[in-house]
Amino acid sequence: MTVWFMTTNKGKVEEASEYFSQHGLVVKQFEFEAVEPQADDLKTVALSKIEQAIPHLPNPNDMLLVEDAGLFISALNGFPGVYSSHALKTIDIHGVLKLMSHLKSEDPIQDGNLRKAEFRAVSVLYKNGQKIVSEGVCPGRIGHEAVVTNGFGFDPIFIPCDLDEEGNALAVGVMGAKSTHGKPFGAILLDQKQQYSHRHRALQGLLSQLDMLG
Ligand code: IMP
């Protein structure tokens, strides 16, 4: 079964493909330029994009996947949030680090709280005239410098919170069973990112509802 992922971001396709292929689904990139509505929530944006793309689905029997994601930084009142893509194109990760340069503490827990942020993703899957929606969140903090080895977008500066045995995220600064040991997404491999990522959690939610699409 083919899932067309409507995105221009090859990194997103790689992440979805790595997970969906384990469940017998083939993910292919669908490069359709949808008009992004002015909205302040990810779900409205994702639903608008999928409505625009449905008539252009290469094969009406295939599935269509759309995702809208963003980085929400607490100290910046949720900026860049739904404007994440625009922020990357304009001020880039270095501009974000600059905006936060005054937020630091010698105490690691206080430092983490000052630099608290979360990634959010809303994914929508369409099949046979029906849609399912799923949301994923990854709490964490913004590092003090960029580490650009793997990944894309804000990966070089986003450090996820540790996880407990069940994979639940812990508070910033709390040691858990799973930890990147202070490394950002940009410094770890994809299979490790999948354990924490907003995208992976949203996609897991879609698969758990897939039966509803018949
Ligand atoms: P989009 O609008 O869903 O494509 O995402 C908004 C911006 O957030 C894009 O510029 C992405 O590069 C960035 N972004 C989304 N997900 C991730 C991620 O998992 N890691 C790093 N950056 C991301």
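Structure: above.
Our subject in this report is the structure included herewith. (Residues numbered from 1 in each chain as written. Predicted model: local features only at pLDDT ≥ 70, side-chain atom pairs only at ≥ 80, totals over all residues. Heavy atoms only, no water.)

Going through the model one piece at a time under the given rule, you end up with one cavity of 30 Å³ or more. Here the largest cavity defines a volume of roughly 30 Å³. Every residue along the wall of the largest cavity is listed here: Val137, Cys138, Pro139, Cys161, Leu163, Ala169, Tyr196 and Arg201. By residue number, the principal contributor to the lining of the largest cavity is strand β5 (residues 130-142), which donates three residues. Looking at the lining of the largest cavity, its residues break down into seven nonpolar, no polar and one charged. (1 Å grid on protein atoms, 1.4 Å probe; cavity = no way out; pocket = protein on both sides within 12 Å on 5 of 7 lines; lining within 4 Å. Points joined across faces, edges and corners; volume = space filled by probe spheres on them. Helix = DSSP H or I, 4+ residues; strand = E, 2+ residues; numbered from the N terminus. Nonpolar A, V, L, I, M, F, W, Y, C, P; charged D, E, K, R; others polar.)

A few words on the site of the ligand. Residues in close proximity to the ligand total 16 residues, the closest being Lys12, Ala69, Asp155, Lys193 and Arg199. In the environment of the ligand, an oxygen atom lies 2.6 Å from a nitrogen or oxygen atom belonging to the side chain of Lys12. Between the ligand and the protein, one listed contact pairs a nitrogen atom with a side-chain N or O atom of Asp155 at 2.6 Å. In the complex, 90% of the free accessible area of the ligand, which totals 480 Å², lies under the protein chains. Its residues placed into classes, the shell around the ligand shows five nonpolar, five polar and six charged. (Near = heavy atom within 4 Å. Polar contact = N/O pair within 3.5 Å; in protein donor to acceptor, adjacent residues only side chain to side chain. Areas by Shrake-Rupley, 256 points an atom, 1.4 Å probe, with all protein chains shown as cover.)

The next thing to look at is a nonpolar patch on the surface. Taken together, Phe79, Ile91 and Leu99 make up a surface patch of nonpolar side chains, about 220 Å² in accessible area. Assignment of secondary structure puts Ile91 in the loop between α3 (84-90) and α4 (92-99). On the basis of relative accessibility, which here comes to 34%, the residue Ile91 falls in the partly exposed class. (Patch = residues over 30% accessible without salt bridge, like charges linked within 9 Å, V, L, I, M, F, W, Y side chains within 5 Å. Salt bridge = Lys/Arg side-chain N within 4 Å of Asp/Glu carboxyl O. Buried < 20%, exposed > 50% of the residue type's maximum accessible area, 1.4 Å probe, protein only.)

Moving on, we come to helix α1 (residues 10-20). Gly11, Lys12, Val13, Glu15, Ala16, Tyr19 and Phe20 are the residues of α1 that are buried. If you follow the buried residues of α1, they end up packed against β1 (2-6), β2 (26-30), β3 (63-73), α6 (190-196) and α7 (198-209). (Contact = heavy atoms within 4.5 Å.)

The biggest cluster of nonpolar side chains holds 19 residues, and the ones touching the most others in it are Leu71, Ile73, Ile142 and Phe158. Breaking this core down by element, the ones donating at least two residues are β3, α4, β4 (116-127) and β5. For this core, the leading source of residues is α4, giving three residues. With 18 residues, the next largest nonpolar core counts Phe32, Ala46, Phe72 and Tyr126 among its residues. (Core = buried A, V, L, I, M, F, W, Y, C linked by side-chain atoms within 4.5 Å.)

Inspection of the secondary structure assignment puts Ala117 in strand β4. Owing to a relative accessible area of 4%, Ala117 belongs among the buried residues under this scheme. Sequence separation of Ala117 and Ser74 is 43 residues, and the distance between their C-alpha atoms is 5.6 Å. Those residues in contact with Ala117 that sit more than four places away from it in its chain are Leu71, Phe72, Ile73, Ser74, Cys138, Pro139, Gly140, Arg141, Ile142 and Phe158.

With that settled, consider the layout of surface pockets. Of the volumes computed, that of the largest pocket is approximately 940 Å³. Looking at the largest pocket, it is lined by 36 residues, and the ones nearest its centre are Lys12, Glu36, Lys49, Asp68 and Ser85. The set of elements that each furnish at least two residues to the lining of the largest pocket consists of α1, α2 (42-53), β3, α3 and α7. Of the residues in the lining of the largest pocket, the class split is 14 nonpolar, eleven polar and eleven charged. Computed from the structure, the second largest pocket encloses a volume of approximately 240 Å³. Considering the residues around the second largest pocket, the lining is formed by 17 residues, among which Arg141, Asp162, Gly173, Val174 and Gly182 are closest to the centre. Elements supplying a minimum of two residues to the lining of the second largest pocket: α5 (108-114), β5 and β6 (158-160). A total of three residues in the lining of the second largest pocket trace back to one element, the largest contributor, which is α5. Residues of the lining of the second largest pocket, tallied by class, amount to eight nonpolar, six polar and three charged.

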